[in-house]
Amino acid sequence: MFRRLDPARLRQLRGRVLQLLYLAAMSEAGNPDDPYTVSRGVLVGTLEHAGELPASEDLRGALRVLEEKAAVKVTWRHDGTGDFVSLRLLALGIDLVEGAVTDPGISFARRRDS
């Protein structure tokens, strides 16, 4: 049976998406023409590889929330699927990842100290 993520997991998913975009941008591993933009395939593949790929509906919902908050800009498909092509990390998204600002709807995993 399909189970939706609880609110805490949805906040973590939003934070994880921002972290992945941030890491791609800082390493310039994604798109050399626009390092702040990541394709759907790269995001989904990275989440899948990390064992963190949520249901499509949950991922789209997380992206909608992040876009409403102006943390990312999503390029949506206009073919009736509700899917996306790519997303771009915006200034607020960077500030959230770096801890300059906080948002109660977005949480980040705690970093482990060495």
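This text goes with the structure placed above it.
Predicted model, so just to flag it, every value in this text is computed and none were measured.

**Student:** Looking at this structure, I do not really get the pattern of salt bridges. What am I missing?
**Tutor:** Where charged atoms of side chains with opposite charge meet at close range, the side chains can pair. Within the structure shown, the criterion is met by six salt bridges. Across the salt bridge formed by Asp 79 and Arg 77, the nearest N and O atoms sit 3.2 Å from each other. Residue classification places Asp 79 among the partly exposed residues on the basis of a relative accessible area of 45%. Owing to a relative accessible area of 43%, Arg 77 belongs among the partly exposed residues under this scheme.

**Student:** Any chance you could explain helix 3 (residues 56-68) here in plain terms?
**Tutor:** For helix 3, built from 13 residues, the straight-helix expectation of 18 Å at 1.5 Å per residue is met to within 8% by its first-to-last C-alpha distance of 18 Å. When we look at burial in helix 3, the residues that qualify are Asp 58, Leu 59, Arg 60, Ala 62, Leu 63 and Leu 66. Looking at the packing, one finds that the buried side of helix 3 touches helix 1 (7-27), helix 2 (40-49), strand 2 (72-76) and strand 3 (84-89). Phi turns positive, to about 65°, at Ala 70, one or two residues after helix 3.

**Student:** Can you walk me through the sheet that holds strand 2 in this structure?
**Tutor:** Within a sheet, neighbouring strands are paired by backbone hydrogen bonds and run either parallel or antiparallel to one another. The sheet built from three strands is open, its strands ordered 1-3-2 with antiparallel pairing. Two strands bound the open sheet, and with one partner strand each, they are strand 1 (37-39) and strand 2. Across the sheet, the axes of successive neighbouring strands diverge by a mean angle of 20°, strand direction being ignored. Bridge count between strand 1 and strand 3: three bridges; the pairing is antiparallel. The residue of strand 3 that forms the bridge with Ser 39 is Ser 86. The strands touched by helix 1 are strand 1, strand 2 and strand 3; relative to strand 3, the strand with the most contacts, the crossing angle is about 75°. Helix 2 contacts strand 1 and strand 3 of the sheet and is inclined by roughly 75° relative to strand 1.

**Student:** I would appreciate a short explanation of the pairing of strand 3 in the present structure.
**Tutor:** Two strands pair when backbone bridges link them, and strand 2 and strand 3 are joined in this way by five bridges, in the antiparallel orientation. Residue pairing across strands places Thr 75 opposite Ser 86, the latter belonging to strand 3.

Quick notes on the rules
- Residues numbered from 1 in each chain as written.
- Predicted model: local features only at pLDDT ≥ 70, side-chain atom pairs only at ≥ 80, totals over all residues.
- Heavy atoms only, no water.
- Salt bridge = Lys/Arg side-chain N within 4 Å of Asp/Glu carboxyl O.
- Buried < 20%, exposed > 50% of the residue type's maximum accessible area, 1.4 Å probe, protein only.
- Helix = DSSP H or I, 4+ residues; strand = E, 2+ residues; numbered from the N terminus.
- Expected span 1.5 Å × (residues − 1).
- Contact = heavy atoms within 4.5 Å.
- Pairing = 2+ DSSP bridges.
- Axes fitted to C-alpha atoms, helices over the stretch in contact; angles between N-to-C directions.

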